[in-house]
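Reading the structure
Spelled out, the chains give:
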Amino acid sequence: MDNANGQNTKISSQLFAINPEPIGLFSLPDEKHNRYKKEIELIFEKKPENLRQKWKQEPFSEHICNAEKQNLFNSFPELIDLKKDITDFVIEYINKIGFLCEEVIINSAWLNKSNKNATLNMHSHSCSYISGNYFVNYDIQKHSPLIFQNDRKKGTNYRPTMEIPKLPNKDTLYNIDGWSYPAKEGQILIWRSNLTHG
């Protein structure tokens, strides 16, 4: 209100965000992370041929249990404690964003080992509700971050958008192509599976 009569004499404006995307961040205690890291390193040393994948479109990456009907936790029972921790984190994440969850089925779990020059194409996970990434051996100075695509800017196959040129030197939550969190080794990020990432 700007005058003695209590009338508003100026135009006002406000900007607010709707439909925020919840990303869960969970940090393992050092003792647990170091134990899990050793177990995972041993799995990569063993490299069972029937569980190992290397694709020509990703020449600098190796995968274990990333094929149909394979699941890391079913193939390597020594990771049962990690599976329990991840299950607990997923239930906590779902409850924190306001949904009911008492049990989780991990229908797919695999390991990626990305060497120098490796890339991870943008993708989403269509056969699950929740996805996550455990940063097992990760150095933010050496490794590229996990990036989440701004689907409200880029659109999707089912939701196209019009692209307007952005102001130079003005990055906002609304005009950036993607977002990344400066994760640390031993942390786990959890998100809804429809979120495009790479």
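A few points on the structure. Predicted model, so just to flag it, every value in this text is computed and none were measured.

A few words on the overall build of the chain. Assigned secondary structure in the chain consists of four helices and eight strands. What you see in the chain, going N to C, is helices and strands ordered as β-α-β-β-α-α-β-β-β-α-β-β. A compact globule built from 198 residues would reach a C-alpha radius of gyration of about 16 Å, whereas the chain, at 21 Å, exceeds it by more than 25%. When the backbone C-alpha atoms are referred to their principal axes, the chain occupies close to 80 × 40 × 35 Å. Taken across its 198 residues, the chain has 31% of its residues classed as buried. When the accessible area of the chain is evaluated, it comes to approximately 14000 Å², of which 52% is carbon and sulfur surface. Averaging the coordinates of the 25 positive side-chain charges in the chain and doing the same for the 24 negative ones gives two points 5 Å apart.

Before going further, it helps to spend a moment on the sheet that holds strand 3 (residues 61-64). One open sheet accounts for three strands, arranged 2-3-4; its pairing is antiparallel. Each of the sheet's edge strands pairs with one partner strand only, and the pair in question is strand 2 (52-53) and strand 4 (111-114). Relative to strand 4, strand 3 runs antiparallel, the two being bridged by four bridges. Looking at the pairing, isoleucine 64 lines up with leucine 111 of strand 4. Contacts between helix 1 (residues 30-46) and the sheet are confined to strand 3 and strand 4, with strand 4 contributing the most and set at about 80° to the helix.

Our focus in this paragraph is the pattern of salt bridges. Applying the stated criterion across every chain, the model contains nine salt bridges. The closest approach of N and O atoms between aspartate 85 and lysine 32, which form a salt bridge, is 2.9 Å. Of this pair, aspartate 85 sits in helix 3 (residues 80-96) while lysine 32 sits in helix 1, and the two are 53 residues apart along the sequence. When its relative accessible area of 25% is taken as the criterion, lysine 32 is described as partly exposed. For lysine 166, the salt bridge goes to aspartate 171, with nearest N and O atoms at 2.4 Å. Overlapping salt bridges bring together Glu31, Arg35 and Asp81 as one network.

To continue, consider helix 1. For helix 1, built from 17 residues, the straight-helix expectation of 24 Å at 1.5 Å per residue is met to within 8% by its first-to-last C-alpha distance of 24 Å. Burial in helix 1 covers these residues: His33, Tyr36, Lys37, Glu39, Ile40, Ile43 and Phe44. An end-on view of helix 1 places all buried positions within 165° of arc, on one side of the element. The exposed residues of helix 1 that point more than 90 degrees off its buried face are Asp30, Glu31, Lys38, Glu45 and Lys46. Contacts from the buried residues of helix 1 go to strand 3, helix 3, strand 4 and strand 5 (130-134). Positive phi appears at lysine 47, one or two residues downstream of helix 1, with a value of about 40°.

Moving on, we get to helix 3. Its 17 residues give helix 3 an end-to-end C-alpha distance of 24 Å, which sits within 8% of 24 Å, the value for a rise of 1.5 Å per residue. Every buried residue belonging to helix 3 is among Leu82, Asp85, Ile86, Thr87, Phe89, Val90, Ile91, Tyr93 and Ile94, and all of these are buried. Residues of helix 3 that are buried sit in contact with strand 1 (24-27), helix 1, helix 2 (72-75), strand 5 and strand 8 (187-192).

This part is about the nonpolar core. By size, the foremost hydrophobic cluster in this structure holds 27 residues, and its most contacted members are Ile40, Ile64, Phe76, Leu79, Leu82, Tyr134 and Ile188. When contributions to this core are tallied by element, the ones reaching two or more residues are helix 1, helix 2, helix 3 and strand 8. Residues in contact with tyrosine 134, not counting those within four places in the same chain, are Leu28, His33, Tyr36, Ile40, Leu82, Gly186, Gln187 and Ile188. The next biggest cluster of nonpolar side chains, apart from the first, holds eight residues, and it includes Tyr138, Leu189, Trp191 and Leu195.

What follows deals with the state of the cysteines. For the coordinates displayed, the defined rule picks out zero disulfides. For the unlinked cysteine cysteine 101, the closest cysteine sulfur is that of cysteine 127, found at 17 Å. The cysteine cysteine 127 is free of any disulfide, with cysteine 65 supplying the nearest cysteine sulfur at 15 Å.

Analysis parameters
Residues numbered from 1 in each chain as written. Predicted model: local features only at pLDDT ≥ 70, side-chain atom pairs only at ≥ 80, totals over all residues. Heavy atoms only, no water. Helix = DSSP H or I, 4+ residues; strand = E, 2+ residues; numbered from the N terminus. Rg over C-alpha atoms; globule rule 2.2 N^0.38 Å. Buried < 20%, exposed > 50% of the residue type's maximum accessible area, 1.4 Å probe, protein only. Areas by Shrake-Rupley, 256 points an atom, 1.4 Å probe, with all protein chains shown as cover. Lys, Arg positive; Asp, Glu negative; His and termini not counted. Charge placed at Lys NZ, Arg CZ, Asp CG, Glu CD. Pairing = 2+ DSSP bridges. Contact = heavy atoms within 4.5 Å. Axes fitted to C-alpha atoms, helices over the stretch in contact; angles between N-to-C directions. Salt bridge = Lys/Arg side-chain N within 4 Å of Asp/Glu carboxyl O. Expected span 1.5 Å × (residues − 1). Arc of directions from axis to C-beta. Core = buried A, V, L, I, M, F, W, Y, C linked by side-chain atoms within 4.5 Å. Disulfide = S-S within 2.5 Å.

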